[in-house]
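Tertiary structure, described
Chain residues, written in single-letter form:
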Amino acid sequence: MESVNIKELNDRIQKESGFVDILGLEMGKVIVGQKRLVENLLIALLADGHILLEGMPGLAKTLAISTLSKAINAKFSRIQFTPDLLPADVTGTLIYSQKKEEFEVHKGPIFANFVLADEINRAPAKVQSALLEAMQERQVTLGDQTYRLPEPFLVMATQNPVEQEGTYPLPEAQVDRFMLKCIVDYPAKEEEKLIVRMNNSGEFPTPNAVVSPEDIVKARKLVREVYMDEKIERYIVDIVYATRTPAEYGLKELESLISFGGSPRASISLSLAAKAYAFIKRRGYVIPEDVRAVCYEVLRHRIGLTYEAEAENVTTEQIIEKVINAVIVP
């Protein structure tokens, strides 16, 4: 790719990505702090991926996605996952109409632009897998008919790290379909003071619709045009390969700690998330810092730990850190 083209692309993306800052400001009106959460939501939205959030209750997880949907003027639906939930409660079902003497389609809450799967690990596997087709193929099959889901389509699932009694851990196939896994932490003292003040006053700011769903669909196409050099592609593949065969990268000590590494979907997600991050930073090309910035969110749920690692209290974050430090930066 010629340098002139990169300059043209960079100028175009700088012009077209202006709405990201406006979107961030609108979300900042309602959500105090949690900048990393907001940034990850925007990355998942622009890279056409889904996001899994893990954090204690009351950390604005639900508020974040509902605010984003209002700022984009898109349809939002919330599904509370419970042990008695059925797949039809998520996707919809066919109901027989005696008046018409035929089956009528009743679409479920999955038919929205933004879907919040709240406490996803509280529902059994059959309900979790009902999300699979929707998340991957962007369609739902009811009876013998297939229905396309609206665009943009984003699933944000939440799970609490505590209270694991009576929960159903997500199967690897389901977890792998989430582009990012974000750990939501407690706010800082000053931020919490603002949250308390806002709630005590009873006056909650409402976000304005500053972007349309069509703008997001257009921006997604532009994100894929962000230039990625072959060296960056090699860097991404090396990072993912180092989670599979750590010894090849001088990380022999990790062999006994990793049961399985990232799949090819990890490489795809890492490249798309890096492109989306570059777009958010209003750049038309990807640099190694973009890859490193999204690496933890993309890989933390794609690396399996052995019993030995769990016994030694080794976390996936520690493994990712060692991998990033070992792989040569282009």
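Preceding block: the structure.
These remarks concern the structure in this document. (Residues numbered from 1 in each chain as written. Predicted model: local features only at pLDDT ≥ 70, side-chain atom pairs only at ≥ 80, totals over all residues. Heavy atoms only, no water.)

The subject of this paragraph is helix α8 (residues 189-201). Across its 13 residues, α8 extends 19 Å between first and last C-alpha, which sits within 8% of the 18 Å expected from 1.5 Å per residue. At the C-terminal side of α8, glycine 202 shows a positive phi close to 75°. (Helix = DSSP H or I, 4+ residues; strand = E, 2+ residues; numbered from the N terminus. Expected span 1.5 Å × (residues − 1).)

This part takes up the packing of aromatic side chains. The geometry of an aromatic ring pair comes down to the distance between the two centres and the angle between the two planes. Across all of its chains, the model carries 2 aromatic pairs by this definition. Ring plane angle 55° and centroid distance 6.3 Å describe the contact between phenylalanine 19 and phenylalanine 279, whose orientation is recorded as tilted. Of this pair, phenylalanine 19 sits in helix α2 (residues 18-30) while phenylalanine 279 is found in helix α11 (residues 264-280), placing the two residues 260 residues apart along the sequence. Each member of the pair, phenylalanine 19 as well as phenylalanine 279, is classed as buried. Geometrically, the ring pair formed by tyrosine 96 and phenylalanine 103 is edge-to-face, given 5.2 Å between the ring centres and 65° between the ring planes. According to the relative accessible area criterion, phenylalanine 103 is exposed, its value standing at 54%. One cation-aromatic arrangement involves lysine 107 over phenylalanine 111; the distance from NZ or CZ to the ring centre is 4.9 Å. Note that arginine 244 overlies the ring of tyrosine 241, its terminal NZ or CZ placed 4.7 Å from the centroid. (Phe/Tyr/Trp six-rings, centres within 6.5 Å; stacked < 30°, edge-to-face > 60°. Buried < 20%, exposed > 50% of the residue type's maximum accessible area, 1.4 Å probe, protein only. Lys NZ or Arg CZ within 6 Å of the ring centre and 35° of its normal.)

So, on to the sheet that holds strand β2 (residues 76-80). Sheets are built from strands that pair by backbone hydrogen bonding, the pairs being arranged parallel or antiparallel. Pairing is parallel across the open sheet formed by 5 strands, whose spatial order is β2-β5-β8-β1-β9. Strands at the two margins of the open sheet, each flanked by one partner only, are β2 and β9 (180-183). Neighbouring strand axes in the sheet, compared pairwise and without regard to direction, differ in orientation by 20° on average. The pairing of strand β1 (residues 51-54) with strand β8 (residues 154-159) spans 4 bridges and is classified as parallel. Opposite leucine 53, over in β8, you have threonine 158 as the bridge partner. (Pairing = 2+ DSSP bridges. Axes fitted to C-alpha atoms, helices over the stretch in contact; angles between N-to-C directions.)

What follows covers a nonpolar patch on the surface. Residues Leu94, Tyr96, Phe103 and Val105 make up a contiguous nonpolar surface patch of roughly 370 Å² in combined accessible area. When residues of the nonpolar patch are traced back to their parent elements, those giving at least two are β3 (92-97) and β4 (102-107). The topology assignment puts valine 105 in strand β4. We classify valine 105 as partly exposed; its relative accessible area is 32%. (Patch = residues over 30% accessible without salt bridge, like charges linked within 9 Å, V, L, I, M, F, W, Y side chains within 5 Å. Areas by Shrake-Rupley, 256 points an atom, 1.4 Å probe, with all protein chains shown as cover. Salt bridge = Lys/Arg side-chain N within 4 Å of Asp/Glu carboxyl O.)

This brings us to the packing of helix α3 (residues 35-46) against helix α4 (residues 61-72). Running from N to C, α3 and α4 point in directions that differ by 55°, and their axes come no closer than 11 Å. With respect to α4, the axis of α3 lies oblique. As for the relative orientation of α3 and α4, their crossing is right-handed in sense. Along its contact with α3, which presents Leu37, Leu41, Leu42 and Leu45, the element α4 presents Ala64, Ile65, Leu68 and Ile72. Looking at the contact of α3 with α4, its residues break down into 8 nonpolar, no polar and no charged. (Parallel < 35°, antiparallel > 145°, perpendicular 65-115°, else oblique. Left-handed = near helix turned anticlockwise from the far one by under 90°. Contact = heavy atoms within 4.5 Å. Nonpolar A, V, L, I, M, F, W, Y, C, P; charged D, E, K, R; others polar.)

Alternating positions in β1 separate into two faces, Ile51 and Leu53 on one and Leu52 and Glu54 on the other, with burial throughout. The sheet contact formed by β1 and β9 spans 4 bridges and is parallel. What sits directly across from glutamate 54, in β9, is isoleucine 183.

For the rest of this paragraph, the subject is the nonpolar core. By size, the foremost hydrophobic cluster in this structure holds 77 residues, and its most contacted members are Leu46, Leu68, Ile72, Ile239, Leu270, Phe279 and Val291. Once you skip the residues sitting within four places of it in the chain, isoleucine 239 turns out to touch Leu270, Val291, Cys295, Leu299, Val323 and Val327. In terms of nonpolar packing, the next biggest core, distinct from the first, is built from 26 residues, Val90, Met135, Val140 and Val155 among them. (Core = buried A, V, L, I, M, F, W, Y, C linked by side-chain atoms within 4.5 Å.)

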